Amino acid sequence: MNTYNKHYDVIVVGAGHAGCEAALAAARIGCDTLVVTINLDTIAKMSCNPAIGGLAKGHLVKEIDALGGEMAKNIDKTGIQFRRLNTKKGPAVRSSRAQADKKAYQDEMKRVLEAQPKLDIKQVLVEELLVEDGRCIGILSQTKTAYFAETVILTTGTFLKGTIHIGDVSYSAGRAGESAAEKLSDSFLNLGFEIGRLKTGTPPRVNAQTVDFTDMEIQPGDDDPLPFSFATEQITQPQLPCYLTYTNEGTHEIIRANLHRSAMYSGRIVGIGPRYCPSIEDKVVRFSEKKEHQVFVEPEGRDTDEIYLNGISASLPEDVQVEMVHSIKGLENAEIMRFGYAVEYDFAPATQLQPTLETKKVPGLYFAGQLNGTTGYEEAAAQGLMAGINAALKVKGGEPLVLDRAQAYIGVLIDDLVTLDIREPYRMFTSRAEYRLALREDNADLRLTEIGRRIGLVDDDRYHQFERKAADIQTELTRLQETRLKPTAETVDNLGTILKTGALKQPTSLADLLKRPELRYEHITEIAPPTQMLPPAVKEQVEIQIKYDGYIQRQQRQIHQFKKLENFRIPDTFDYTSVRGLKTEAREKLAKIRPASIGQASRLPGVSPADISILTVVLHQRRAR
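Residues numbered from 1 in each chain as written. Predicted model: local features only at pLDDT ≥ 70, side-chain atom pairs only at ≥ 80, totals over all residues. Heavy atoms only, no water.

Further remarks concern the sheet that holds strand 5 (residues 79-85). Strand-to-strand pairing in sheets goes through backbone hydrogen bonds, with the strands running parallel or antiparallel. One open sheet holds the three strands; their spatial order is 4-6-5, and the pairing between them is antiparallel. Of all the strands in the sheet, the pair left with one neighbour each is strand 4 (51-53) and strand 5. Direction aside, the axes of adjacent strands within the sheet are offset by 15 degrees on average. Strand direction decides the pairing type here: strand 4 and strand 6 (residues 95-100), joined by three bridges, are antiparallel. Within strand 6, the position partnered with Gly53 by the bridge is Arg97. (Pairing = 2+ DSSP bridges. Helix = DSSP H or I, 4+ residues; strand = E, 2+ residues; numbered from the N terminus. Axes fitted to C-alpha atoms, helices over the stretch in contact; angles between N-to-C directions.)

Right under this line is the structure:
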């Protein structure tokens, strides 16, 4: 065994979306960091849909940005279409989504990693974790070179014993054209970790020159695209359109007639696939009453004719994929450039982790991304960022950073993973967040920038920009609350003529006037403009905070109760077998997960409110001794 001549603070294994954020975070906090990947040319590769954001996922990207991560800045530079979703609904569920130039996104992220001080990048296949006295101290490469570090972060994606399935053909690969990591899972098992199998998939890609777009519905981007990063002033690059078409009964009949040839339905795939992003075979079987399914036709970049067919992920044989694609309107003559496939891979259930993403069994070892059972670039990046932060803070001797469910969607994501014993690919939704009115996409910077600054990820320029925005919001809120309109003849006329709203019966603040459902912030400024021009983001914050004030205050009271339970800590060494009255299932779950607080314990499946009451009483009694 050879030993590499440099000792690192943090080693990150994998350079997908989790690995990139982990490595950048650790290096920016000041740790000597190494990121290793099987192929340097696939750093930040979008294995599936070349897009960032979406419902709830946009929240994660904004939070990553507020904490000092890179994903939002990268998509702002390389996006080819930007859209804000759910704009007709309330602010809690509005989310941003952007189609990416796939290759440009990779190249830009690679450039950022290469330019980052204190960060080394190497093309290495890792085969073994090095552990000494129960603590992870490094990695061993395929070429038998040992790299030593204080902490190690694994972000292996779909590469652990990855197997690709296309029809009745299966072969070892982490994704099409790339080798799997065959031996690293054995290292996990030798260390006592539990390993499971999951499955995901990807659809065929076709040549744009062979597609008839005139038979499809055009899907343009927003006229005034909203950036993901709070540091980006404006999206300046031109946007490309996407298109929408549909499967039909003919498509479904082709699929049904060939289900026995599908890798999923022939029984060769044992891993559980994503419930909320099913393959086209799964859609046809599970939703047999539906006559059609949407197919989003999305360009993969500005300088390529490759088109992604979002909605028909498949593990069918290649000849069936050709027939299926040709049955769809606008794709009758489409030439497939890459066939769809399913990929099966090892994962490690995240209940084996602390909320910091450090493993319980092996100190100094962190897991992030699809290794933890998630699906999606955004979920992976969020975990990578938090693992990188906590590994770096551990090296520096600082307190770990754990975001709770009332602080961020990132907190919801990680708490769900380490608490719920999830056995299928996990995807973020707004419905998973109990306090989603407080955790809006638009206020991620107000919630998290101070934290990013404290740990060293938010630089001076970004922080000064944040301070100006926060000050502008507070100044304008104060103005609207303190400026009162009297019910004079002129005011009554202005309200009726300009704002088309009812007259005042008594002196009323501008803030109370804005609470009227028919009025917007722009209406208020028509009769009482601010002393200076305000940026759109400030105007948006002011309007939301005033219009939803009652609801926000009610949610803050709920959060206050939640915090009480979260702050009621349970000692790491607490003996649950000593608590009389706990159900057997509750005792087993509590002993396995070892929740950090009463709040986390209350969210464990199999632990009832009665169990929590008993546990709380016992803890109070022992504290009083």
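Having seen it, we continue.
This structure, assessed with the given rule, holds 10 aromatic pairs. Taking 6.4 Å as the distance between ring centres and 5 degrees as the angle between the ring planes, the aromatic pair formed by Tyr4 and Tyr8 counts as stacked. Relative accessible area serves as the criterion here: at 26%, Tyr4 is assigned to the partly exposed category. Through successive ring pairs, a cluster of aromatic residues spans Tyr4, Tyr8 and Tyr147. For the cation-ring pair, Lys62 lies above Phe230, with the distance from its terminal atom to the ring centre recorded as 5.0 Å. Of note, Arg432 hangs over the ring of Tyr426, and the distance from its end group to the ring centre comes to 4.2 Å. (Phe/Tyr/Trp six-rings, centres within 6.5 Å; stacked < 30°, edge-to-face > 60°. Buried < 20%, exposed > 50% of the residue type's maximum accessible area, 1.4 Å probe, protein only. Lys NZ or Arg CZ within 6 Å of the ring centre and 35° of its normal.)

The sheet contact formed by strand 11 (residues 163-166) and strand 20 (residues 341-347) spans three bridges and is antiparallel. Paired with Thr163 across the two strands is Glu344, which belongs to strand 20. Pairing of strand 11 with strand 12 (residues 169-172) involves four bridges; the strand directions are antiparallel. The partner of His165 across the bridge, within strand 12, is Ser170.

This part covers the environment of Asp223. Counting through the fold element by element, Asp223 comes out in the loop between strand 15 (217-219) and strand 16 (242-246). For Asp223, a relative accessible area of 83% gives the class exposed. Spatially, the C-alpha atoms of Asp223 and Gly167 are 42 Å apart, while their sequence positions differ by 56 residues.

Bringing helix 6 (residues 249-257) into the picture now. Within helix 6 the residues assigned to the buried category are Thr251, His252, Ile254 and Ile255. What you see down the axis of helix 6 is that its buried residues fit within an arc of 155 degrees, all on one side. For helix 6, the secondary structure elements touched by its buried residues are helix 7 (280-286) and helix 8 (318-326). Backbone nitrogen of Gly250 and a side-chain oxygen of the N-cap are separated by 2.9 Å at the start of helix 6; the cap is Asn248. (Arc of directions from axis to C-beta. Contact = heavy atoms within 4.5 Å. Polar contact = N/O pair within 3.5 Å; in protein donor to acceptor, adjacent residues only side chain to side chain.)

Quick look at the sheet that holds strand 17 (residues 294-299) now. Taken together, the six strands give an open sheet; going across it, the order is 15-16-17-18-14-19, and neighbouring strands pair in antiparallel fashion. In this open sheet, the two edge strands, each paired with only one partner strand, are strand 15 and strand 19 (336-338). Put simply, the sheet's adjacent strands are angled 35 degrees from each other on average, direction ignored. In the sheet, strand 15 pairs with strand 16 via three bridges, with the strands oriented antiparallel. Its bridge partner lying in strand 16, Gln219 is registered against Cys242.

A separate point is the packing of helix 3 (residues 71-78) against helix 4 (residues 102-115). Between helix 3 and helix 4, the shortest axis-to-axis distance is 9 Å and the interhelical angle comes to 130 degrees. Classified by the interaxial angle, the pair formed by helix 3 and helix 4 is oblique. Along this stretch, helix 3 crosses helix 4, giving a crossing that reads as right-handed. Counted together, Met71, Asn74, Ile75, Lys77 and Thr78 of helix 3 and Ala104, Tyr105, Glu108, Met109 and Arg111 of helix 4 form the full contact between these two elements. Along the lines of polarity and charge, the residues of the contact of helix 3 with helix 4 split into five nonpolar, two polar and three charged. (Parallel < 35°, antiparallel > 145°, perpendicular 65-115°, else oblique. Left-handed = near helix turned anticlockwise from the far one by under 90°. Nonpolar A, V, L, I, M, F, W, Y, C, P; charged D, E, K, R; others polar.)

Close contact between helix 2 (residues 57-67) and helix 11 (residues 444-455) brings their axes to 7 Å; oriented N to C, the two are set at 35 degrees. In this structure, the crossing between helix 2 and helix 11 has a hand that is right-handed. Here helix 2 contributes Lys62, Glu63, Ala66 and Leu67 to the contact with helix 11, which in turn contributes Ala444, Asp445, Arg447, Leu448, Thr449, Ile451 and Gly452. Residues belonging to the contact of helix 2 with helix 11 are distributed by class as follows: five nonpolar, two polar and four charged.

It is worth spelling out unusual backbone geometry at this point. Even without a glycine there, the phi angle at Ala56 is positive, about 70 degrees. With respect to the secondary-structure elements, Ala56 resides in the loop between strand 4 and helix 2. Here Lys144, not a glycine, exhibits a phi torsion of approximately 65 degrees, which is positive. Relative to the helices and strands, Lys144 is located in the loop between strand 9 (135-141) and strand 10 (145-154).

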